[in-house]
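# Examining the three-dimensional arrangement
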Amino acid sequence: MSAGKGSEIGDYLTTHPKVNCVSFTGGDTGISICKKGGMTPYQMELGGKDACIVCADADIDLAAKNIVKGGYSYSGQRCTAVKVVLAAEEIADELVAKVKKGVEGLSVGMPEDDAAITPVISESSANFIEGLVRDAEAKNATFVTPYKREKNLIWPTLIDNVTADMRIAWEEPFGPVMPIIRVKKIQDAIDHCNSNNLALQGCLFTKDINLAIRLSDAMSSGTIQVNAAPARGPDHFPFQGFRDSGIGSQGIQNSLEMMVKVKTTVLNLDQPSYTVG
Ligand SMILES: NC(=O)C1=CN([C@@H]2O[C@H](COP(=O)(O)OP(=O)(O)OC[C@H]3O[C@@H](n4cnc5c(N)ncnc54)[C@H](OP(=O)(O)O)[C@@H]3O)[C@@H](O)[C@H]2O)C=CC1
Ligand SMILES: O=C(O)[C@H](O)COP(=O)(O)O
């Protein structure tokens with residue numbers, strides 16, 4: 001065990017010739033670790049812009065409940081948090097109204113007061129989140145709940161009519177701020193999801209099982225939940241991100257396999273042990 005700040009001892013450890021494998025959980029730091037390293041095997045569990053697609057036939061109450069819980073629990077600071085909602089135009093008004101009601105019911109305060117929304121991890125994180133919010137504001141997004149901040153405490157913010165030119169459509173806030181993009185066609189939602197370099201998890205809401213399977217196949221992300229928010233799941237589930245969201249797969253079996261080097265010895269006897277030919 002070596003203790004110390006990752007930014008100070010990390011490079012030494014991850015490039016050390018005696019280190020046989022590197023398993024890392026975090027954000028873009030993981031990408032720079034891979035770039036600095038050599039032939040060491042990597043398991044990378046990195047950032048996510050986990051998309052939630054809500055189809056026109058979805059159970060809107062269920063979708064809204066999962067967006068609120070999936071997006072705002074731990075103040076949005078989960079790699080698997082819902083980080084962008086792609087809502088079919090036909091149901092968007094109803095969905096936004098229901099999510100708004102849920103968001104307005106979240107208590108805001110300190111962890112010791114058991115508040116649902118608590119300060120984000122650092123001032124720099126709060127500043128980054130504010131940058132995404134101000135960019136959306138400048139580009140005329142609709143603030144369904146107002147943005148409010150006191151030091152690192154950010155009130156749960158719901159932003160509608162987000163468009164592809166806004167940073168928050170693509171970047172991971174890692175805070176209690178949810179963008180909603182309205183889509184004319186479900187294919188637009190798939191295209192948005194698959195155009196992001198982050199592809200950890202995603203979810204979709206529909207009552208049509210055939211559509212669910214088609215869409216989950218089409219969404220290029222490590223895990224897709226149907227009719228529930230994204231989640232890592234129990235430890236025996238495989239857990240992996242595509243593109244910049246990761247390398248390899250975690251989970252009990254997958255992690256063990258990744259950390260074991262396969263070595264083969266072939267015994268060549270002086271006489272064949274069975275008749276050949
Ligand atoms: N896919 C997954 O399983 C998960 C991914 N995440 C993602 O993590 C991100 C949020 O976490 P955040 O802490 O900001 O991520 P960072 O990538 O900024 O930091 C993660 C860790 O890396 C350490 N670190 C910094 N430099 C190095 C280095 N050169 N070598 C090795 N380690 C280093 C840091 O240590 P120190 O601070 O001490 O310098 C920190 O503990 C989000 O993108 C989130 O989605 C979060 C949870 C799970
Ligand atoms: O802990 C983790 O690796 C991730 O944050 C995912 O966990 P969760 O989906 O159970 O929050």
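Treat the numbers as computed from the prediction; the structure is a model and nothing was measured.

## Comments concerning the pattern of salt bridges
Tallying each qualifying case throughout the model produces 16 salt bridges. Measuring nitrogen to oxygen at the nearest pair gives 3.4 Å for the salt bridge that ties Glu 89 to Lys 184. Placement of the pair is Glu 89 in helix 4 (residues 89-104) and Lys 184 in the loop between strand 9 (177-183) and helix 6 (186-195), with a sequence separation of 95 residues. With a closest N to O distance of 3.1 Å, Lys 98 and Glu 94 form a salt bridge. Within this pair, Lys 98 and its partner Glu 94 are both found in helix 4, separated by four residues, close to a single helical turn. Lys 98 sits in the partly exposed class, given a relative accessible area of 29%.

## Considering the sheet that holds strand 8 (residues 157-160)
Read from one edge to the other, the open sheet built from seven strands follows the order 5-8-9-4-3-11-12, with strand pairing classed as mixed. The open sheet has two edge strands with one neighbour each: strand 5 (142-143) and strand 12 (223-226). As paired strands, strand 8 and strand 9 are joined by three bridges and run parallel to one another. Following the sheet pairing, Thr 157 is matched in strand 9 by Val 177.

## Examining the UniProt feature "active site" (unreviewed entry) in the protein
Look at the UniProt record and you will see "active site" (unreviewed entry) annotated at Glu 45. As for its placement among the helices and strands, Glu 45 is situated in strand 2 (residues 42-45). A residue is classified by how much of its surface remains accessible, and Glu 45, at 3% relative accessible area, is buried.

## Re the packing of aromatic side chains
Scanning the entire structure with this criterion turns up zero aromatic pairs. Over the ring of Trp 155 we find Lys 148; its NZ or CZ atom is 4.1 Å from the centre of that ring.

## Considering the site of ligand 2
Residues in contact with ligand 2, as listed here, are Arg 78, Cys 79, Thr 80, Ala 231, Arg 232 and Phe 239. Within the side chain of Thr 80, one N or O atom sits 2.5 Å away from an oxygen atom of ligand 2. Taking Arg 232, its side chain carries an N or O atom lying 2.8 Å from an oxygen atom of ligand 2. Its free accessible area being 310 Å², ligand 2 has 64% of it covered by the protein chains. The residue makeup of the shell around ligand 2, split by class, is three nonpolar, one polar and two charged.

Each value, and the rule that gives it
Residues numbered from 1 in each chain as written. Chains lettered and ligands numbered in written order. Predicted model: local features only at pLDDT ≥ 70, side-chain atom pairs only at ≥ 80, totals over all residues. Heavy atoms only, no water. Salt bridge = Lys/Arg side-chain N within 4 Å of Asp/Glu carboxyl O. Helix = DSSP H or I, 4+ residues; strand = E, 2+ residues; numbered from the N terminus. Buried < 20%, exposed > 50% of the residue type's maximum accessible area, 1.4 Å probe, protein only. Pairing = 2+ DSSP bridges. UniProt positions renumbered as here; feature names shortened; annotations may be inferred. Phe/Tyr/Trp six-rings, centres within 6.5 Å; stacked < 30°, edge-to-face > 60°. Lys NZ or Arg CZ within 6 Å of the ring centre and 35° of its normal. Near = heavy atom within 4 Å. Polar contact = N/O pair within 3.5 Å; in protein donor to acceptor, adjacent residues only side chain to side chain. Areas by Shrake-Rupley, 256 points an atom, 1.4 Å probe, with all protein chains shown as cover. Nonpolar A, V, L, I, M, F, W, Y, C, P; charged D, E, K, R; others polar.

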